[in-house]
Amino acid sequence: MFKGHGRSVFSGVAIGPVYAFERVSAPARHVPVLDEATELSRFHTAKETAASQLRALYEKTRREIGEDEAMIIDVQMMMLDDGDYNDAVEEGIRGGSGADAAVAAAGRQFSEFFASLDDPYMKARAADVRDVSQRLSDILCGREGVPALTEPMVLVADDLTPSETVALDKNNILAFVTRQGSANSHTAILARIMNIPSLVQADVPSGEKLHGRMIAVDGFTGEYFLDPDEATVARLREKRRADTEQRRALDAVRGLPSVTKSGRQVRLYANIGGPEDVPAVLFNDAEGVGLFRSEFLYLGRDDYPSEDEQFEAYRKAAEQMGGKPVIIRTLDIGADKKADYFGLAREENPALGFRAIRICLERPELFKTQLRAIYRASAYGKVAVMFPMIISADETKRALALAAEARAELAARGIVVDEIERGVMIETPAAVMVSAELAKLVDFFSVGTNDLTQYTLAIDRQNEQLDKFYDPHHPAVLEMLRVIAQNAHAAGIWAGICGELAADAELTDTFLKMGYDELSVSPPFILELRKRIRDSAV
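Everything quoted here is computed from the prediction, not taken from an experiment. (Residues numbered from 1 in each chain as written. Predicted model: local features only at pLDDT ≥ 70, side-chain atom pairs only at ≥ 80, totals over all residues. Heavy atoms only, no water.)

## A short note on the packing of helix α3 (residues 83–94) against helix α4 (residues 99–116)
Selection rule: With axes taken as lines fitted to C-alpha atoms, and helix axes fitted only over the stretch in contact, angles between N-to-C directions fall between 0 and 180 degrees. Starting at the N terminus, helices and strands are each numbered in turn, a helix being any DSSP run of H or I of at least four residues and a strand any DSSP run of E of at least two. Orientation labels follow simple angle bins: below 35 degrees gives roughly parallel, above 145 gives roughly antiparallel, 65 to 115 gives roughly perpendicular, and whatever is left gives oblique. Crossing handedness: left-handed means the near helix sits turned counterclockwise from the far one by under a right angle, and right-handed means the same turn made clockwise. Here, residues are in contact when the closest pair of their heavy atoms is within 4.5 Å.
Look at α3 against α4: their axes get within 8 Å of each other, and the N-to-C directions meet at 135 degrees. As the angle between them shows, α3 and α4 are arranged oblique. Seen from above, α3 lies across α4 with right-handed handedness. Residues D84, Y85, A88, V89, G92 and I93 of α3 form the contact with α4, whose participating residues are A99, A102, V103, A106, G107, Q109 and F110.

## Re a negative patch on the surface
Selection rule: Nonpolar side chains (Val, Leu, Ile, Met, Phe, Trp, Tyr) within 5 Å and like charges within 9 Å form the patches, drawn only from residues with over 30% relative accessible area and no salt bridge. Only the protein chains shown count as cover for residues, and the accessible areas themselves come from Shrake-Rupley with a 1.4 Å probe. Counted as salt bridges are all cases of a side-chain nitrogen of Lys or Arg within 4 Å of a carboxyl oxygen of Asp or Glu. The charged-residue count follows a simple rule in which Lys and Arg add positive charge and Asp and Glu add negative charge, with His and chain termini not counted at all. Positions of charges follow a simple convention, taking NZ of Lys, CZ of Arg, CG of Asp or CD of Glu. Note on exposure labels: buried denotes an accessible area under 20% of the residue type's maximum, exposed denotes more than 50%, and partly exposed covers the range between, all computed with a 1.4 Å probe on protein chains only.
Negative charge collects at one region of the surface, where D82, D84, D87, E91, D302, D303 and D340 lie side by side. Structurally, D87 is set in helix α3. Among the residues examined, D87 registers a relative accessible area of 41% and is labelled partly exposed.

## Digging into the sheet that holds strand β12 (residues 383–387)
Filter applied, for reference: Should DSSP find at least two bridges between two strands, the strands are regarded as paired.
Sheet architecture is closed into a barrel: 8 strands sit in the order β9-β10-β11-β12-β13-β14-β15-β16, paired in parallel fashion. Taking the axes of each pair of neighbouring strands and ignoring which way they run, one obtains an average angle of 30 degrees across the sheet. The pairing of strand β15 (residues 494–497) with strand β16 (residues 518–521) spans 2 bridges and is parallel. Bridging from a neighbouring strand, G496 pairs with E518 of β16. Helix α13 (residues 364–377) rests against β11 (326–329), β12 and β13 (422–426) of the sheet, and its axis sits at about 155 degrees to β12.

## Overview of the nonpolar core
The cut-off we apply is this: In plain words, nonpolar cores are sets of buried Ala, Val, Leu, Ile, Met, Phe, Trp, Tyr and Cys residues tied together by side-chain atoms within 4.5 Å.
Among the nonpolar cores identified, the biggest contains 132 residues, and F387, F445, L481 and Y516 are the most heavily contacted of them. Apart from residues lying up to four places away in sequence, Y516 is in contact with R264, V266, V447, L481, I484, A485, A495, G496, I497 and F511. With 14 residues, the next largest nonpolar core counts A14, L199, A202 and V204 among its residues.

## Thoughts on the sheet that holds strand β1 (residues 2–5)
Read from one edge of the open sheet, 8 strands run β1-β8-β7-β3-β4-β5-β6-β2, paired in mixed fashion. For this open sheet the edge positions go to β1 and β2 (7–10), each flanked by a neighbour on one side alone. With strand direction ignored, the average angle separating the axes of adjacent strands in the sheet is 30 degrees. Taken together, the 4 bridges between β1 and strand β8 (residues 223–226) define a ladder with antiparallel strand orientation.

## Some points on the UniProt feature "binding site: phosphoenolpyruvate" (unreviewed entry) in the protein
Applicable threshold: UniProt positions are given in the numbering used here, feature names are shortened, and annotations may be inferred rather than shown by experiment.
Here, UniProt's "binding site: phosphoenolpyruvate" (unreviewed entry) annotation points to R293, R329, N450, D451 and R461. Residue placement: R293 occurs in strand β10 (residues 289–293). Setting aside anything within four residues of it in sequence, one finds R293 in contact with N271, I272, G273 and R329.

## Here's the deal with the pattern of salt bridges
Evaluation of the coordinates by the stated rule reveals 33 salt bridges. Between R530 and D285 there is a salt bridge, with its nearest N and O atoms 2.6 Å apart. Here the residue R530 occupies a position in helix α20 (residues 526–535), and D285 occupies one in the loop between α10 (278–283) and β10, the gap between them amounting to 245 residues. When sorted by exposure, R530 lands in the same class as D285, which is buried.

Quick look at the structure:
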């Protein structure tokens, strides 16, 4: 028996034979190509074939998994038509490369850009580029995609693209084990939606004959066992039985209100990075979106997104949520999230630098473009807006004034929209100290506990050397949280938490006692947190 490890992206236990998926690689042609017109034609034909495949895959995903989940494939179709990507491929062909080599080069260029970003969510977007490039490359080189499994097996691979994941027959997939991948990838999200135990970054030996060997996967510990012995199999089967009972208990709270035994009700919302994440929000039964990280619309590109581009993303999320709240955080560029075209100067301490609302207030036209898009999207659902990194009432008043200007500009264009809820994020000790004053200006507070903790403790949360000092349960942090909720309620507005701390089960009762009205967490934590709330006597 061989015991290995990976990173779990969905818990559960699976035991069965291995299907070792290895892509058959055909080298792309890097020799000079004389017939440029032929190579351009090959590329455009491959694009048409890829589009046809993706349309069929969209229908399969919509039919077998769900319409919202199929939006991931819709994103793939849009990326296939991305102007910058297509220009890069065509420039490569005009420079003398074959179509397959040009696709490979463009795929590397764009995926490496995303992978170089500090934000884990944006790193995971590199998979979308690789997915499109892999599909085009397979078509150009005549390679087959993922196999059609005819019996239940554990799929072991270097990595899987999102489209490969949904193309598989989920009834014959016991588990995914990949040597690469990330917990934030679309593939990981789909695995969670399909309730399939999954490990990424697993140390599965390569070069060995794996196909057909028995494997046991423990998605709770991140362990796997090749050729497991009888004792290991028996232990994991018992673990699977207990997990099945636990899942039934969580399914039992699906669709129920998030209310304690004493009648205290809390709204459970989810955090997303874009409309492609909404399927996971709906699958996990969130009551709304508490944090739409709009800055991801600005990353991974060469210029600012237009008002119409932003409007489409916000509209899509609002429509998919079907009238449930969608709270959009305005642009939070800076610190660990950078875009070269913003022209931001290098800073010694970017976490304390020119970022978020500071950029927006100094560049009002940029800010109003986003605000107009948000207001327009509000006609398609229940949209709200919140401003990040606020430290004063003056900043809040200036942001609200610009929002009023944006709304007036829409009216001048004949686009009349209703007023929406407007809130501020409480992420700095300064905002905590003036929260009583801020509460008189806005409709709600949302606490970003990640930044609030780092600024309160003077600890860079990105510095791994300081992990042992970083304590989100620190009495000073908890006291600030108490003051925020108290000042919000004194002014008659509601208060929520959208940082990672919102999912901390050890603090659920504490937050309930403080009076928090809303908790917004990653989609997979929704049902577990709801059960915790419903079991609470607070």
